[in-house]
Amino acid sequence: MIKENEYKKRRDSLSKSFLKNSIAVIFSAPEATRSNDTHHPYRQDSNFYYLSGFKEDNAALMFIKTKESVKTLLFVQKKDKTLELWNGKRLGTKEAKKRFLVDEVYEIDEFKEIFKASIEDKKNIYFEINSKKRAVKKILKSTKLFKEKLDIIPLIQKMRLVKSAAEIKLIKKSIAITAKAHHRVMSMNKEGKYEYHLQAEIEHEFKNNAAYSDAYTSIVACGNSANTLHYIKNNKPLVDGELILIDAGCEHNYYASDITRTIPVNGKFSEAQKELYNLVLDTQLKVISMIKPQVLRSTLQEKAEKLLTKGMIKLAILKGSVKKAIKEKKHKKYYPHGIGHWMGIDVHDPAPYRDKKNKEIALKEGMVLTIEPGLYIDKDDKSVPKKFRGIGIRIEDDILVTKDGYENLSASIAKSIEEVEAISAKFF
Ligand code: GLY
Ligand code: MN
Ligand code: MN
């Protein structure tokens, strides 16, 4: 769990970056309609959550910074017996005051009046400039009164780059649940099953281990389906002799995991599958081994592209020299995506990749990123040896940058051909 004091430290650090004579506001996420009058389960806005740890909607955080001091105000829904009967308990101002280390707590209905009174002598406002939240739209008119209108979001996102010890603990727990889910589907007999059966087993494991939900819709892609990068239909039968690409990760206590394994339907890799799989795996292991502070993500990307291209030439998927193939971007046809991304409260954590001067941000202790090379060979690609057609492989782990290297947080999940085959249920 993340202690109240850590949220306070985040707010203090954020407000230090505000100009003097400023007001700053950020709102909770609105409820999301599923259809007609039903809703998705409520999930707090990631940036709001990062600053408050508060999981209710109709809430706002306000910072009032004068020349001398900063005051933090939290606005929450008021207690309401009837609404609480239908939708669950609300914390209310009294309890919120006890729990949160903010200076003042108010009911959200008081926001308008307090906002109006607080902006009178302020020069600058920080808010979610690009947000479509209704609450933001409501204050837009007032923001015209300010000398400087500044976006609060990049300031928070920058803070989210480096994870605290408490955050890393939550990410580890999220990954531990996801590990169980991947091992569950590896070891299950897949004869006569469909992709969605595996998805159901994965989600069973998530929910059964107190994960709120998946961090993104699971991809369970058998055979050629794996060549659609964002395949989430998961509605095809599992075919004996094919591989299944499973990209699935849960969200536990607001922290994501993001793991891909590619496993054989019948429990055994074919020779052609092994050749491609080991190329992706060797690439992934080599790229991971380069991770340490000061290294650039673009260096990891280049290394992955080089290794995959070299391997593809060896397997007669590409022709000519590595240099020429890369220069002509020939490899992109089979490896079209990035080597990885930041991960945290969001699966694609929106922390920046470049600084204000557009210089790439180097790796630093406490950052968490995925490393996920892949190769995708369409079933109809006549330019590739027949034995490789219709195979899509990605291998993805979640890596913590440490003081002098890295820790693979998902190292416990079976990955080598030997490990995967050993844990897999087999049928022939
Ligand atoms: N699961 C999304 C990704 O791998 O980026
Ligand atoms: Mn990923
Ligand atoms: Mn993924």
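Keep in mind the model is a prediction, meaning the values are calculated, not measured. (Residues numbered from 1 in each chain as written. Chains lettered and ligands numbered in written order. Predicted model: local features only at pLDDT ≥ 70, side-chain atom pairs only at ≥ 80, totals over all residues. Heavy atoms only, no water.)

Asker: Please clarify how the coordination of the manganese ion (ligand 2) should be interpreted in this entry.
Answerer: Note on metal geometry: ideal angles are 109.5 degrees for four donors arranged tetrahedrally and 90 or 180 degrees for six donors arranged octahedrally. Taken together, D258 (OD), H341 (NE2), E372 (OE) and E396 (OE) make up the protein donors of the manganese ion (ligand 2), found 2.0 to 2.2 Å from the metal. Around the manganese ion (ligand 2), the 6 donor atoms are arranged such that angles at the metal cover 51 to 156 degrees; this shape is classified as irregular. One chain supplies every donor for the manganese ion (ligand 2), spaced along it as D-x82-H-x30-E-x23-E. Separating the manganese ion (ligand 2) from the manganese ion (ligand 3) is a gap of 3.3 Å, which D258 spans by donating to each of them. One end of the pair, D258, is in the loop between β13 (255-256) and β14 (259-264); the other, E372, is in the loop between β15 (368-371) and β16 (374-377), with 114 residues separating them in the sequence. Considered together, D258 and E372 belong to a single accessibility category, that of buried residues. (Donors = N, O, S within 2.8 Å, 3.2 Å for Na, K, Ca; no water. Tetrahedral: all angles 85-135°; square planar, octahedral: opposite > 155°, others 65-115°. Helix = DSSP H or I, 4+ residues; strand = E, 2+ residues; numbered from the N terminus. Buried < 20%, exposed > 50% of the residue type's maximum accessible area, 1.4 Å probe, protein only.)

Asker: Any chance you could explain the coordination of the manganese ion (ligand 3) here in plain terms?
Answerer: Taken together, the protein donors to the manganese ion (ligand 3) comprise D247 (OD), D247 (OD), D258 (OD) and E396 (OE), at separations of 2.0 to 2.3 Å. Relative to the metal, the 6 donor atoms surrounding the manganese ion (ligand 3) lie at angles of 57 to 169 degrees, and the coordination shape comes out irregular. Sequence positions of the donors to the manganese ion (ligand 3) reduce to the motif D-x10-D-x137-E. Take D247: its relative accessible area is 7%, and that puts it in the buried class.

Asker: Sorry if this is basic, but what is going on with the sheet that holds strand β10 (residues 219-222) here?
Answerer: For sheets, the rule is that strands pair by backbone hydrogen bonds, running either parallel or antiparallel. On the basis of which strands lie adjacent, the open sheet formed by 3 strands has the order β10-β11-β14 and antiparallel pairing. Of all strands in the sheet, those with a lone pairing partner are β10 and β14, marking the two edges. Averaged over all pairs of adjacent strands, the angle between their axes in this sheet comes to 15 degrees, without regard to strand direction. Where β10 lies against strand β11 (residues 243-248), 4 bridges are found, and the strand directions are antiparallel. From the neighbouring strand, V220 faces β11, where its bridge partner is I246. Relative to β14, helix α8 (residues 165-186) is tilted by about 10 degrees, and along the sheet it contacts β11 and β14. Along the sheet, helix α9 (residues 195-208) makes contact with β10 and β11, crossing β10 at roughly 150 degrees. (Pairing = 2+ DSSP bridges. Axes fitted to C-alpha atoms, helices over the stretch in contact; angles between N-to-C directions. Contact = heavy atoms within 4.5 Å.)

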